[in-house]
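# Survey of secondary and tertiary structure
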Amino acid sequence: MSDPLKNKGTCDSIIQSILWFLLMLLPVVGHSQTDFIQSNETFVQGTVMHLKDNQPMPFVRIYNKTNHTGTISNYDGFFKVDITSDKDTLLFTFMGYENHTVIAGELINNTVVFMSEQSKYLGTVNILADNSFLYDLIEGCSSLRRAETKIAKTYFGLETFVDDKQVELLECYYNGFYTGYEVTGLELKKGRSALNVANDILFLSLDISKAFYKHKLFEWNGDLFPHSPFEFRKRKLKKVYDLTLASKYRDEQLRTIYVIQFDTKSNPEIYFDGKVWIDSLSNQILKVELEIDNAKTYPFSDNWSQYAYENINMRITKTFEQTVNGIVLNAVYFDYDLNYKINQKLTETVSRSTRSVLQVFDYDDVFVLPFFYYPTSVSDYRKISAATYDSYFWKNYSEFRLNNEDKRNEEFFHTADFTSESLFNTRRIAKKSSHIFESEYVFWDEKRIFFAKNLGDNNSNVQYVKAGMPTTLNYNLDVQIYVDIVELTDTFYVRSETVFNPFETYYNGIVTEKTHVFINTYFDLIEIHRRILMEEIAEVGQDIAAIQALYNSRMEIMAYESDKYLKEVNRGEDEVAMEEWNAFIWEKLKINNLKIFSLDVEAEDVEHD
């Protein structure tokens, strides 16, 4: 599919899957990126360092109080944040450290921000000889199981390294669902991925985001995660863990915070060690760190049975904030490293390290999610593949970003062996990853689709599809119109695709040329409705409710017409009906499926009608 941003403002460009609108201006449709407002935004950048030992501090939260945007420092302590002027006020926060305020202009000449630990320590605490006071604090933490679920804009980022070489990048924006301390769901807005081959292997974190909401602080996590002290009542807790008071201090909100260290007494391979920060008045957790070496329980599995794991180490950090409406999640950091034994004799070993962050950045607003249905079993990678890469979004979205000083992520994405745009190309992937992605979302274009039984054909004008498993029904064709509304600071645009969904599609019968005409004509019919929809959307501008209503109305019309088509053509066996629908497709798209598949003996007559 051609890049819709390169099409000019003609009627054809309107239907090429993208509509653009500039705030305060009349609608502009289908122009290239260079025709739009050039960004005059400025930014400041720097590094957050620990005052005591001069080491970089990752995951310090930086919030611009002037324009209400933010970021966090990366693993090297680096940050970059947008500003409106050099007078913007930046707030740096990190649990257990003094809040630090900086005027943006101060970072122009001095790019290092030093953070100091809380200085308002309260001295020792008189506790019982058996440390019962600490066990009472842990047991008394409220799990907030009845808390109200909140939805917030959320960023997810992941990097994987094999023997110190980066092999994976995954970035996503979600609407996150949060109930008390827990992540209860993530619904995708935008995503992108990139992979490099290492040792002739693609290392993928297929469903790692699910680990963020499958881990529960106050519940046993089955065979996914090790145990933690918050699962146990006091009696069991005292049998399993030693607790010590690491420190206590009074923070900027005058809360007395207890920092408790917990260490397992035995079986360290099935229990997390770590620290927890507790507000002694409310008994609410503000931060928890969990870590384990040589774990026997972990939330990921290998996609290649010939490889073996060993030396699995995990670190999970969760931070929370108290609000007038109760406790809310702020961020989750999940890092793990392990060794693979990768050859048949399991004698060759490679080291893998993955680090990831889930950052909640706006509880006051949510994304308008794409109008598209994903099967529940589809991984993050496959969800990302349901739309073409939105380069404008990734270049210009600034509400929250995790940045690298050397723009490493951007460079990696554009130079990796596989990216979101190429990862699900079956024939290419098959050479290096043993058909790990045999099914893929297919976007409509003039190439015709075939079922995978014809994969031996190297025709460059063909897109190959592996259908889902057949059922007792004869067939099911699942083609959707993907529509995504994107709102940036000064830009509003709508993207759309006609998407063939292989996960819900099957064909139970002998595949012939008539079958291919039947399937491609159906795909074309949905594309025609997408084009009509985009023309309708162009008339309503930035009215999201109106766009949603148009989408719903178009889906009803499309369902009626597609059902009519399916009944009339009888899987392509009714030649008269197929000729009529073929003529309709030719009129709208200038595509003659009967001729392409050598079934139209009077093709010239159709083309000249």
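So, how was this worked out
Residues numbered from 1 in each chain as written. Predicted model: local features only at pLDDT ≥ 70, side-chain atom pairs only at ≥ 80, totals over all residues. Heavy atoms only, no water. Helix = DSSP H or I, 4+ residues; strand = E, 2+ residues; numbered from the N terminus. Buried < 20%, exposed > 50% of the residue type's maximum accessible area, 1.4 Å probe, protein only. Contact = heavy atoms within 4.5 Å. Areas by Shrake-Rupley, 256 points an atom, 1.4 Å probe, with all protein chains shown as cover. Pairing = 2+ DSSP bridges. Axes fitted to C-alpha atoms, helices over the stretch in contact; angles between N-to-C directions. Core = buried A, V, L, I, M, F, W, Y, C linked by side-chain atoms within 4.5 Å. 1 Å grid on protein atoms, 1.4 Å probe; cavity = no way out; pocket = protein on both sides within 12 Å on 5 of 7 lines; lining within 4 Å. Points joined across faces, edges and corners; volume = space filled by probe spheres on them. pLDDT = per-residue confidence, 0-100. Phe/Tyr/Trp six-rings, centres within 6.5 Å; stacked < 30°, edge-to-face > 60°. Lys NZ or Arg CZ within 6 Å of the ring centre and 35° of its normal. Salt bridge = Lys/Arg side-chain N within 4 Å of Asp/Glu carboxyl O. Left-handed = near helix turned anticlockwise from the far one by under 90°. Polar contact = N/O pair within 3.5 Å; in protein donor to acceptor, adjacent residues only side chain to side chain.

What follows deals with the overall build of the chain. Along the chain, the regular secondary structure elements total 13 helices and 26 strands. Considering the chain as a whole, with its 609 residues, one finds that 54% of them fall into the buried category. For the chain, the proportion of contacts with a sequence separation of at least 24, taken over those separated by at least 6, is 64%. As displayed, the chain has an accessible area near 27,700 Å², and 48% of this comes from carbon and sulfur atoms.

Right, let's get into the pairing of strand β6 (residues 89-93). Burial of the side chains of β6 is restricted to one face: L90 and F92 are buried, whereas none of T89, L91 and T93 on the reverse face is. In this structure, strand β3 (residues 61-64) lies alongside β6, joined through 4 bridges in antiparallel fashion. The residue of β6 that forms the bridge with R61 is T93. Relative to strand β7 (residues 100-103), β6 runs antiparallel, the two sharing 4 bridges. Bridged to F92 within β7 is H100.

Within the open sheet, the 4 strands sit side by side as β4-β3-β6-β7. Their pairing is antiparallel. Only two strands of the sheet have a single partner each, and these edge strands are β4 (69-72) and β7. Taking each pair of neighbouring strands and ignoring which way they run, the sheet shows an average axis angle of 20°. Bridge count for β3 against β4 is 4 bridges, and the pairing is antiparallel. Pairing of R61 across the sheet is with I72, part of β4.

Core analysis: the biggest nonpolar cluster contains 81 residues, and I285 and F334 have the highest contact counts within it. Among the elements that line this core, the one with the most residues is strand β17 (residues 326-341), at 7 residues. Look past the residues within four positions of I285 in its chain and what remains in contact with it is C141, Y181, L217, F218, F230, V276, W277, F320 and I327. In terms of nonpolar packing, the next biggest core, distinct from the first, is built from 40 residues, I481, I537, A577 and I585 among them.

Next up on the list: empty space enclosed by the protein. Left-over empty space is what a probe sized like a water molecule reveals as it rolls over the atoms. In total, this model carries 3 cavities of 30 Å³ or more according to the counting rule given. Computed from the structure, the largest cavity encloses a volume of approximately 140 Å³. Surrounding the largest cavity, 15 residues form its lining, K190, G191, I384, A387 and Y482 being those nearest its centre. Of all the elements in the fold, those that place two or more residues in the lining of the largest cavity are β11 (182-195) and α5 (380-384). Tallying contributions element by element places β11 first for the lining of the largest cavity, with 4 residues.

Of note, the phi angle at L254 is positive, near 65°, even though the residue is not glycine. Assignment of secondary structure puts L254 in the loop between β12 (241-250) and β13 (256-264). Even without glycine at this site, N311 takes up a positive phi of about 55°. When you line up the elements, N311 lands in strand β16 (residues 308-323).

Within helix α2 (residues 132-139), the full set of buried residues consists of S132, L134, Y135, L137 and I138. Looking at the packing, one finds that the buried side of α2 touches α4 (234-240), β12, β13 and β14 (273-279).

If you walk across this open sheet you meet the 11 strands as β12-β13-β14-β15-β16-β17-β18-β9-β10-β11-β19, and the pairing is antiparallel. At either margin of the open sheet sits one strand with a lone partner, and together these are β12 and β19 (418-419). Pairing analysis gives 6 bridges linking strand β15 (residues 284-292) to β16, with the strands arranged antiparallel. Each bridged residue has a counterpart across the sheet, and for I292 the counterpart in β16 is M314.

Another aspect to go through is the confidence of the model for the chain. Mean pLDDT over the chain works out to 81, with 80% of the residues at or above the 70 mark. Per-residue pLDDT stays below 50 along residues 1-17; that stretch engages in 49 contacts with residues further than four places along the chain or on separate chains. Every residue in residues 20-41 is under pLDDT 50, and counting partners more than four places away or in other chains gives 55 contacts.

This brings us to the packing of aromatic side chains. This structure, assessed with the given rule, holds 43 aromatic pairs. Grouping aromatic residues by their ring pairs yields a cluster made of Y155, Y173, F361, F367, F393, W394, Y397 and F400. The ring of F43 carries K80 above its face, with NZ or CZ at 4.7 Å from the centroid. Lying over the aromatic face of Y374, K383 brings its terminal NZ or CZ to 5.6 Å of the ring centre.

What follows concerns the environment of I62. For I62, the location among the structural elements is in strand β3. Under the relative-accessibility criterion, I62 is labelled buried at 0%. Non-local contacts of I62, meaning those with residues more than four positions away in its chain, are made with T69, G70, T71, I72, S73, F79, V81, L90, L91 and F92.

Next up on the list: the pattern of salt bridges. Pairing between side chains becomes possible if they bear opposite charge and their charged atoms approach one another. The tally for this structure, following the rule as stated, stands at 27 salt bridges. Among the charged side chains, a salt-bridge network with shared partners connects K189, K190, D390, D484, R495 and E497.

A few words on the packing of helix α10 (residues 544-569) against helix α11 (residues 575-589). At a closest axis distance of 9 Å, the pairing of α10 and α11 adopts a crossing angle of 145°. In terms of crossing hand, the pair formed by α10 and α11 is left-handed. Across the interface between the two elements, E561, K564, Y565, E568 and V569 from α10 touch A577, M578, W581 and F584 from α11.

Take Q261: it is sitting in strand β13. With 15 residues separating them in the primary sequence, Q261 and V276 have C-alpha atoms 6.7 Å apart. Here Q261 is in contact with D242, L243, T244, A246, G274 and K275, once residues within four sequence places are set aside. In this structure the side chain of Q261 is engaged in a polar contact, spanning 3.3 Å, whose partner is the side chain of D263. Of note is the side chain of Q261, whose polar atom sits 3.2 Å from the backbone oxygen of G274.

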